[in-house]
Amino acid sequence: MIDLHSHALPQVDDGAKNVKISIKMLCESFSQGVELCALTPHCVLHQLDSLDNFLAKRKESFKLLQEELSQANVSVPQLRLGAEVYFDNDISQYDGIEKLCIEGTNLLLVEFPMRNISRKSYEWLYSLTLKGITPLIAHVDRYQCYEAFINDFSDLDVVYQLNAENFLSFFARQHIKKILKNHERFIVSSDMHNLEDRPCNMKAAFLRAEKMLGTVKTKRLFIKNAADLLSI
């Protein structure tokens, strides 16, 4: 499986509190069958002193993680750096915004506000696509206006991400069924933050999805669609 949304990078946001927890999260992810994991810490651009400072902090955290992993006799997924960028303004205006794309791709994970979503969102997404960036809308299942998203953005080069946890409860599964009727460009990711209340649950979700959707569609959601986006 491929996981393009996680908060396993240590001491950067509200995800892994330290490198030991980070490694445990990644080991658990690998044990569930995740072969590639994107590390996507929260990034609120208008709250930063500079984008370069965020990138430096992310780099230092990743270096620490790599050093610890080199000393540990453990297996973890292939790792790629990225970010989950808060999408409450025209982020295309920031110099170097492409540096926040998932490493080796033009995919930029963006998170809308839970409320008060701007009517200019279409224009902002379009501006990103003009820069050669493909927006990956994080946990679209959380937004009450998801149908409007999918309809309004139908002519844009946009991909939608669903959280794996949705497949683990009856009511959430019914919600997901409705969402999946609207669009083909979906992927499933963990959005894991810790080992307790927001862990990696990709394996359990895959098995549930397989019963609900069948093997072919489940593999598209958990593997193929993401692999195509990564060109692997």
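One can find the structure itself at the top, above this paragraph.
Model, not experiment: these values are computed from the prediction.

Each value, and the rule that gives it
- Residues numbered from 1 in each chain as written.
- Predicted model: local features only at pLDDT ≥ 70, side-chain atom pairs only at ≥ 80, totals over all residues.
- Heavy atoms only, no water.
- Helix = DSSP H or I, 4+ residues; strand = E, 2+ residues; numbered from the N terminus.
- Rg over C-alpha atoms; globule rule 2.2 N^0.38 Å.
- Buried < 20%, exposed > 50% of the residue type's maximum accessible area, 1.4 Å probe, protein only.
- Contact = heavy atoms within 4.5 Å.
- Areas by Shrake-Rupley, 256 points an atom, 1.4 Å probe, with all protein chains shown as cover.
- Lys, Arg positive; Asp, Glu negative; His and termini not counted.
- Charge placed at Lys NZ, Arg CZ, Asp CG, Glu CD.
- Salt bridge = Lys/Arg side-chain N within 4 Å of Asp/Glu carboxyl O.
- Pairing = 2+ DSSP bridges.
- Axes fitted to C-alpha atoms, helices over the stretch in contact; angles between N-to-C directions.
- Left-handed = near helix turned anticlockwise from the far one by under 90°.
- Nonpolar A, V, L, I, M, F, W, Y, C, P; charged D, E, K, R; others polar.
- Core = buried A, V, L, I, M, F, W, Y, C linked by side-chain atoms within 4.5 Å.

## With respect to the overall build of the chain
Phase 1: Counting secondary structure elements, the chain contains seven helices and nine strands.
Phase 2: Computed over the C-alpha atoms, the radius of gyration of the chain is 17 Å, within 12% of the 17 Å expected from 2.2 N^0.38 for a compact globule of 232 residues.
Phase 3: Across the 232 residues of the chain, 51% fall into the buried class.
Phase 4: Once local pairs closer than 6 in sequence are excluded, the contacts in the chain between residues at least 24 apart make up 74%.
Phase 5: In the form shown here, the chain has an accessible surface area of approximately 11,200 Å², with 47% of it arising from carbon and sulfur atoms.
Phase 6: Charge-centre separation for the chain: the mean point of 27 positive side chains lies 6 Å from the mean point of 30 negative side chains.

## Observations regarding the pattern of salt bridges
Phase 1: Tallied over the full model, the rule gives four salt bridges.
Phase 2: The residue Asp 191 makes a salt bridge to Arg 142 at a minimum N-O spacing of 3.2 Å. Of this pair, Asp 191 sits in the loop between β9 (186-189) and α6 (202-213) while Arg 142 sits in the loop between β7 (134-137) and α4 (146-152); the two residues are 49 residues apart in sequence, bridging distant segments of the chain.
Phase 3: The exposure class of Asp 191 is buried, given its relative accessible area of 3%.
Phase 4: Two residues, Asp 191 and Arg 198, come together in a salt bridge whose shortest N-O distance is 3.2 Å.
Phase 5: Each member of the salt-bridge network shares a partner with another, and the members are Arg 142, Asp 191 and Arg 198.

## With respect to the sheet that holds strand β8 (residues 159-163)
Phase 1: With parallel pairing, six strands are arranged side by side in an open sheet as β3-β5-β6-β7-β8-β9. Bordering the open sheet on either side are β3 (42-43) and β9, each of which pairs with just one other strand.
Phase 2: Here strand β5 (residues 84-86) runs beside strand β6 (residues 107-111); their pairing, made up of three bridges, is parallel. Paired with Glu 84 across the bridge in β6 is Leu 109.

## Let's talk about the side chain of Arg 58
Phase 1: Inspection of the secondary structure assignment puts Arg 58 in helix α2 (residues 51-71).
Phase 2: With residues up to four places along the chain from it excluded, the contact list for Arg 58 reads Leu 9, Pro 41, Leu 81, Gly 82, Ala 83, Lys 99 and Leu 100.

## Here's the deal with the packing of α6 against helix α7 (residues 215-230)
Phase 1: Contact geometry of α6 with α7 gives a least axis separation of 7 Å together with a crossing angle of 145 degrees. Note that α6 runs across α7; the crossing there is right-handed. Counted together, Met 202, Ala 205, Phe 206, Ala 209, Glu 210 and Leu 213 of α6 and Thr 215, Lys 217, Thr 218, Lys 219, Leu 221, Phe 222 and Ile 223 of α7 form the full contact between these two elements.
Phase 2: Along the lines of polarity and charge, the residues of the contact of α6 with α7 split into eight nonpolar, two polar and three charged.

## Observations regarding the sheet that holds strand β4 (residues 78-81)
To summarise the sheet geometry, strands pair through backbone hydrogen bonds and adopt either a parallel or an antiparallel arrangement.
Phase 1: The parallel open sheet is built from three strands, whose spatial order is β1-β2-β4. Looking at which strands have only one partner, the edges of the open sheet turn out to be β1 (2-3) and β4.
Phase 2: Direction of pairing for strand β2 (residues 36-39) relative to β4: parallel, over a ladder of four bridges. Looking at the pairing, Leu 39 lines up with Leu 81 of β4.

## Examining the nonpolar core
A general tendency of soluble globular proteins is for nonpolar side chains to be buried together.
Phase 1: With 62 residues, the main nonpolar core has Leu 39, Leu 65, Leu 100, Leu 108, Ile 137 and Phe 222 as its most contacted residues.
Phase 2: Ranked by residue count, the leading element in this core is α2, at six residues.
Phase 3: Those residues within four positions of Leu 100 in sequence are excluded, and the remaining contacts are Cys 43, Leu 45, Leu 51, Phe 54, Leu 55, Arg 58, Gly 82, Ala 83, Val 85 and Leu 108.
Phase 4: Core analysis: the next-biggest nonpolar cluster, separate from the first, contains 15 residues, Leu 4, Leu 107, Ala 226 and Leu 230 among them.

## Re the side chain of Thr 134
Phase 1: On the secondary structure map, Thr 134 appears in strand β7.
Phase 2: Judged by relative accessible area, Thr 134 falls into the buried class, the value being 4%.
Phase 3: With sequence-adjacent residues up to four places away left out, Thr 134 is seen in contact with Asn 106, Leu 107, Leu 108, Asp 157 and Val 159.

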